[in-house]
Amino acid sequence: LTTMNFLEHYEPLLKAFWYIALPVSIFFLLQTISTFIGLSGSETDADTDGGDGDMPFELFTLRNLINFLLGFSWTGISFYQSIENKTILIGISVLVGLLFVGVFFFLIKQILKLSEDNSFKIENTINKTAEVYLTIPEAKSGKGKIQISVNGSFHELEAITTSPEKLASGSTVKVVAVEHNLVIVEKI
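Everything numeric in this text was worked out from a predicted model, so none of it was measured. (Residues numbered from 1 in each chain as written. Predicted model: local features only at pLDDT ≥ 70, side-chain atom pairs only at ≥ 80, totals over all residues. Heavy atoms only, no water.)

Q: Describe the sheet that holds strand 5 (residues 182-187), with residues and values.
A: Judged by pairing direction, the barrel is mixed, and its five strands sit side by side in the order 1-2-3-5-4 before closing back on the first. Neighbour to neighbour, the strand axes of the sheet diverge by 55° on average, direction disregarded. Where strand 1 (residues 129-134) and strand 4 (residues 172-179) come together, three bridges link them in antiparallel fashion. Each bridged residue has a counterpart across the sheet, and for Glu131 the counterpart in strand 4 is Thr172. (Pairing = 2+ DSSP bridges. Helix = DSSP H or I, 4+ residues; strand = E, 2+ residues; numbered from the N terminus. Axes fitted to C-alpha atoms, helices over the stretch in contact; angles between N-to-C directions.)

Here it is in structure tokens:
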């Protein structure tokens, strides 16, 4: 009760900014701590975008509301004395609140990029082109090697062909199948 007494002598708009800022800041702090120690689990906010599966996160979530109110309220408090026109102050506060949400979207997008699975799976080579590194003998005569790029990194893999002719080093081939960590290729 005594901590809120300092608000008694403030003007109504400044009181409103403080009444928004204090609980939102505490909630944001608790939410951030729980996220970093792993207690937050998955996002539990309501899905309100109509089922659009292209967005990695939703626009109307509790987290975005908190980010907006955080930017809005603290901007209002910070510039209350320096901006005389209160309509302009509220407008700037809204813009900063929206900026906070935008920055959050950007950060989440960057974090999601970090969580992509770029591990190599030999199955991802099917239908990709490659270059013969070591000559591949004709069908059922032995193995050669190819160099292939998958997910931005080069791999050297053992390869065989079903072709009746050998595939010389430097030829371009297409992977048509995979069997037991061995790629089957044909000349393009």
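That shown, we press on.
Q: Outline the packing of aromatic side chains, listing residues and values.
A: Under the defined criterion, the tally for this structure stands at three aromatic pairs. Ring geometry for Trp18 and Trp74: centres 5.4 Å apart, planes at 80°, overall edge-to-face. Of the two residues, Trp18 sits in helix 1 (residues 12-36) while Trp74 sits in helix 2 (residues 62-79), which places them 56 residues apart along the sequence. A relative accessible area of 16% places Trp18 in the buried class. Of the residues examined, Trp74 reaches a relative accessible area of 31% and is grouped as partly exposed. (Phe/Tyr/Trp six-rings, centres within 6.5 Å; stacked < 30°, edge-to-face > 60°. Buried < 20%, exposed > 50% of the residue type's maximum accessible area, 1.4 Å probe, protein only.)

Q: Give a description of the pattern of salt bridges that names residues and reports values.
A: Counting across every chain of the model gives two salt bridges. Where Glu158 meets Lys143, a salt bridge forms, and the shortest distance between an N and an O atom there is 3.7 Å. Highlighted residues: Glu158 in strand 3 (residues 153-161) and Lys143 in the loop between strand 1 and strand 2 (144-150), separated in sequence by 15 residues. Given the relative accessible area of 37%, Glu158 is considered partly exposed. When its relative accessible area of 51% is taken as the criterion, Lys143 is described as exposed. A salt bridge links Glu156 to Lys145, with the shortest nitrogen-to-oxygen separation between them at 3.4 Å. Residue Glu156 is found in strand 3, and its partner Lys145 is found in strand 2; the two are separated by eleven residues along the sequence. The class of Lys145 is partly exposed, set by a relative accessible area of 28%. (Salt bridge = Lys/Arg side-chain N within 4 Å of Asp/Glu carboxyl O.)

Nothing here speaks to function; it is geometry throughout.
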